[in-house]
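Each chain is listed here by its residues.
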Amino acid sequence: MTKQHYKDICNEYDINIRALKEILKKEGLKIKNLNTLEVLQQIYIYAPDLMYCRDAGYDAVEYHNKDIPMKLIKAMSDERA
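Note that this is a predicted model, so its numbers are computed, not measured.

What counts as what
Each chain carries its own residue numbering, running from 1 in the direction its sequence is written. Given that this is a predicted model, residues contribute local features only at a pLDDT of at least 70 and side-chain atom pairs are listed and counted only at 80 or more, while totals for whole chains, interfaces and linings are drawn from all residues. Side-chain figures throughout are based on the complete set of non-hydrogen atoms in the structure, without hydrogens or water. Each Phe, Tyr or Trp ring, with Trp reduced to its six-membered ring, pairs with another whose centre is within 6.5 Å; inter-plane angles below 30 degrees give stacked pairs, above 60 give edge-to-face pairs, and intermediate values give tilted ones. Here, a charge over a ring means that NZ of Lys or CZ of Arg falls within 6 Å of the ring centre while also lying within 35 degrees of the ring normal. Strands are runs of DSSP state E lasting at least two residues, helices are runs of H or I lasting at least four, and both sets are numbered from the N terminus onward. In protein, a polar contact requires one atom able to donate a hydrogen and another able to accept it; more generally it is a pair of N or O atoms within 3.5 Å, and residues adjacent in sequence count only if both atoms are side-chain atoms. Residue contacts follow a heavy-atom distance rule, with two residues in contact if any of their heavy atoms lie within 4.5 Å. Cavities and pockets were defined on a 1 Å grid built from protein atoms only: a cavity is a group of points that admits a 1.4 Å probe but offers it no way out, a pocket is an open group of points flanked by protein on both sides within 12 Å along at least five of seven lines, and a lining residue is one with an atom within 4 Å of any such point. Grid points are joined across faces, edges and corners, and a volume is the space filled by probe spheres set on the points. Note that Gly is not counted as nonpolar here; it falls among the polar residues with everything else outside the nonpolar set of Ala, Val, Leu, Ile, Met, Phe, Trp, Tyr, Cys and Pro and the charged set of Asp, Glu, Lys and Arg. Patch rule: a residue counts if its relative accessible area is over 30% and it has no salt bridge; like charges are joined within 9 Å, and nonpolar side chains (Val, Leu, Ile, Met, Phe, Trp, Tyr) within 5 Å. The protein chains shown are the only cover counted for residues, whose accessible areas, like all others here, come from Shrake-Rupley with a 1.4 Å probe. We count a salt bridge whenever a side-chain nitrogen from Lys or Arg sits within 4 Å of a carboxyl oxygen from Asp or Glu. When charges are counted, neither His nor the chain ends are considered; positive counts come from Lys and Arg and negative counts from Asp and Glu. Charged side chains are reduced to one point each, which is NZ for Lys, CZ for Arg, CG for Asp and CD for Glu. Partly exposed describes any residue whose relative accessible area lies between the buried limit of under 20% and the exposed limit of over 50%, with all areas from a 1.4 Å probe on protein chains only and scaled to the type maximum. Think of it as the arc spanned by the lines of direction from the helix axis to the C-beta atoms.

Student: A description of the packing of aromatic side chains should follow, citing residues and the corresponding values.
Tutor: Per the counting criterion, the structure on display carries zero aromatic pairs. The ring of Tyr 13 carries the charged tip of Lys 71 above its face, separated from the ring centre by 5.7 Å.

Student: Would you mind going over the side chain of Thr 36 in detail, with residue names and values included?
Tutor: Mapped onto the fold, Thr 36 is located in helix 3 (residues 36–45). A distance of 2.9 Å separates a polar atom in the side chain of Thr 36 from a polar atom in the side chain of His 5. The residues touching Thr 36, leaving out its near neighbours within four places in the chain, are Met 1, His 5, Ile 9 and Glu 79.

Student: Please provide a residue-by-residue account of empty space enclosed by the protein, values included.
Tutor: Inspection of every chain in the model, using the stated rule, returns one cavity of 30 Å³ or more. Of the volumes computed, that of the largest cavity is approximately 60 Å³. Looking at the largest cavity, the residues that line it are Tyr 13, Asp 14, Met 51, Tyr 52, Tyr 63, His 64, Asn 65, Ile 68 and Pro 69. Residues of the lining of the largest cavity, tallied by class, amount to six nonpolar, two polar and one charged.

Student: Can you break down a positive patch on the surface residue by residue, with the values?
Tutor: A cluster of basic side chains, namely Lys 3, Lys 7, Arg 18, Lys 21, Lys 25, Lys 30 and Lys 32, defines a positive patch on the protein surface. The greatest single-element share of the positive patch, amounting to three residues, is contributed by helix 2 (residues 17–26). The class for Lys 32 is exposed, based on a relative accessible area of 73%.

Student: With reference to specific residues and values, describe helix 3.
Tutor: Of the positions making up helix 3, those classed as buried are Thr 36, Leu 37, Val 39, Leu 40, Gln 42 and Ile 43. Residue Asn 35 occupies the N-cap position of helix 3, its side-chain oxygen lying 3.2 Å from the main-chain nitrogen of Leu 37.

Student: So what's going on with the environment of Leu 24? Which residues, and what values?
Tutor: Mapping Leu 24 onto the fold places it in helix 2. Owing to a relative accessible area of 1%, Leu 24 belongs among the buried residues under this scheme. Counting along the chain gives 18 residues from Leu 24 to Gln 42, while the straight-line C-alpha distance between them is 7.6 Å. Those residues in contact with Leu 24 that sit more than four places away from it in its chain are Tyr 6, Leu 29, Ile 31, Leu 34 and Gln 42.

Student: How would you summarise helix 2 if you had to cite specific residues and measurements?
Tutor: Of the positions making up helix 2, those classed as buried are Leu 20, Ile 23 and Leu 24. Down the axis, helix 2 shows its buried residues gathered within 100 degrees of arc, on one side only. Exposed and facing more than 90 degrees away from the buried side of helix 2 are Arg 18, Glu 22, Lys 25 and Lys 26. On its buried side, helix 2 packs onto helix 1 (3–12), helix 3 and helix 4 (47–50). Within two residues after helix 2, Gly 28 carries a phi angle of roughly 80 degrees, on the positive side.

In structure tokens form, the structure reads like this:
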């Protein structure tokens, strides 16, 4: 994955670029070796830490922009196809 493609994905899903980079580093992954689906999966796994959200109680999260999680899920299913 190129650096620009990585930045485009982060901007599209309103993710802090440095925060995602730290998570990928913690998981032992390198951006250059990842494909789009793998990056989207990491965003999905760590979405509460990366996206603007708040705790809604009962182990639920309320996102600031409710369309972004659905957009992320759709993008992941499109990448698999």
